[in-house]
Every structure is written in structure tokens, then in C-alpha cells.
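# Breakdown of the fold
Here is how the chains run, residue by residue.
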Amino acid sequence: MVRVRPGQKTKGILQLGPITVPCAIGRSGLTRLKREGDGATPVGRFALLGAYYRADRQARLAGGVPCEPIRPDDGWCDDPRHFRYNRPVTLPFAASHEKMWRDDHLYDIVVVLDCNMAPAVKGRGSAIFFHLARENYTPTEGCVAVAPRHMRLILSRLRRGAVMEISGL
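Attention in this report is confined to the structure presented alongside it. As the structure is a prediction and not an experimental result, all values here were calculated from the model.

## Let's talk about the pairing of strand S2 (residues 8–16)
Bridge analysis of strand S1 (residues 2–5) against S2 gives 4 bridges, and the strand direction is antiparallel. The residue of S2 that forms the bridge with arginine 3 is isoleucine 13. Summarising the sheet, S2 and strand S3 (residues 19–24) pair through 6 bridges and their orientation is antiparallel. Across the sheet, residue leucine 16 finds its bridge partner in S3, namely isoleucine 19. Between S2 and S3, which pair antiparallel and follow one another directly, the connecting turn spans 2 residues, one of which, glycine 17, has a positive phi of 60 degrees.

## Digging into the packing of aromatic side chains
As enumerated under the stated definition, the model contains 2 aromatic pairs in all. With 5.1 Å between their ring centres and 85 degrees between their planes, tryptophan 76 and phenylalanine 129 make a pair best called edge-to-face. In this pair, tryptophan 76 is assigned in strand S8 (residues 74–77) and phenylalanine 129 in strand S12 (residues 129–132), connecting sequence segments 53 residues apart. You can call phenylalanine 129 buried: its relative accessible area is 0%. For the ring pair tyrosine 107 and phenylalanine 129, a centre distance of 5.5 Å and an interplane angle of 85 degrees mean the geometry is edge-to-face. Placement of tyrosine 107 in the loop between strand S10 (97–99) and strand S11 (109–113) and of phenylalanine 129 in strand S12 is noted, with a sequence separation of 22 residues between them. Assessed through its relative accessible area of 3%, tyrosine 107 is described here as buried.

## Some thoughts on the state of the cysteines
The tally for this structure, following the rule as stated, stands at 0 disulfides. Here cysteine 67 is not cross-linked by a disulfide; its sulfur's nearest cysteine counterpart is in cysteine 143, at 19 Å. In this structure cysteine 67 comes out as buried when scored by relative accessible area, which is 12%. There is no disulfide at cysteine 143, and the cysteine sulfur nearest it, in cysteine 115, is 9.3 Å away.

## Looking at helix H1 (residues 148–157)
Along H1, the positions that sit buried rather than exposed are His150, Met151, Ile154 and Leu155. Each buried residue of H1 lies within a common arc of 130 degrees when the element is viewed along its axis, so the set occupies one face. Tucked into the core, H1 has its buried residues touching S2, S3, S11, S12 and strand S13 (144–146).

## Describing the sheet that holds S8
Taken in spatial order, the 3 strands line up as S9-S8-S10 in an open sheet, and their pairing is antiparallel. Single-partner strands in this sheet number two, and they are strand S9 (88–90) and S10. Strand after strand, the sheet turns through a mean of 40 degrees between neighbouring axes, direction not considered.

## What about the environment of glycine 161?
Along the chain, the position of glycine 161 falls in the loop between H1 and strand S14 (163–167). Glycine 161 gets classed as exposed once you look at its relative accessible area, which sits at 67%. Here the alpha-carbon distance between glycine 161 and alanine 47, two residues 114 residues apart in the chain, equals 6.7 Å.

Rules of the game
Residues numbered from 1 in each chain as written. Predicted model: local features only at pLDDT ≥ 70, side-chain atom pairs only at ≥ 80, totals over all residues. Heavy atoms only, no water. Pairing = 2+ DSSP bridges. Helix = DSSP H or I, 4+ residues; strand = E, 2+ residues; numbered from the N terminus. Phe/Tyr/Trp six-rings, centres within 6.5 Å; stacked < 30°, edge-to-face > 60°. Buried < 20%, exposed > 50% of the residue type's maximum accessible area, 1.4 Å probe, protein only. Disulfide = S-S within 2.5 Å. Arc of directions from axis to C-beta. Contact = heavy atoms within 4.5 Å. Axes fitted to C-alpha atoms, helices over the stretch in contact; angles between N-to-C directions.

Below you can see the structure in the form of C-alpha cells.
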């Protein structure tokens, strides 16, 4: 469960049973009507489909969410006009995309949320992930982000079929 912190639209609290940790959310806060590029974190219930991790920076992840290493040529299409919109792609890729292999550490662990995935509706948001936060929990572009130690703790407790509920509006 993710809730916004009172009076702080870009910071939240993530709770999993007895675990309660701070999290960052989108620069525009929460929304019920997600639009590509709006910087908002969508409200809803989203299955955790699978995780990626940087094998050159850490060991394989424990837990019930399927995981695989990120490769340098991994990307994610964020171009609403492209038929691969909101899907993984292989780089180089001509349409607009996000690089999964990043210089910063935000995607050292990244979990794909089932947001606008089946089917992807053009313009309703792409690359909505659960990933690592910056040190000071600055806002995301619409994702949910936590500290690395909290991510590992959370993933170790998840089982297949896990769902993230984002609420608070």
C-alpha cells in the first residue's frame, strides 16, 4: 500500500504488513487519470510483473517476483505512436524510449508495475515502475521509489501475485 504523506504531494509512505518505509512519488503527486509525461503517479492496484537488476552492481534478488539482469541494450518504449508503446525494447531503438541501463542507481533494481500494460492505451502512461529512490527522495516522473535496503527487504517478502495499491486521493 502506498499513500501520500500529508502536506507533501511528492513523498509517500509504503506499507507491507509490519514494514513501513518512506517513498518518493511523481513530481505532480497522484492522479486517477494518468497521461504520458504528466509526472504523476497513477492511483490504482497494479500487479508486480517482474523485476530487473544490475548484475554488475549487485547479486540476484530474492523473493517471489521473477527477476532478470538488465543488459546495456535494454530500453522501454515511451512513444505513444509506436506499436511497442509501454513495452521493453532492444536498443538502439528509433522511437522515443527510456534506457534501462542507467549511469545513476535508480534502476539498479526496478520492478515493472502492471500499469497501462494489457492492452497499452496510447498516451495513458508508460514505464511506471517501482524503483530505487534518490538519496533525498526527490520526486519521480510517475513511479514509486524507495531506498535500496528497503527495496531488498520488500522484495524478499513478496510472493507471486503481489499487488501494489496506490491510494490517497
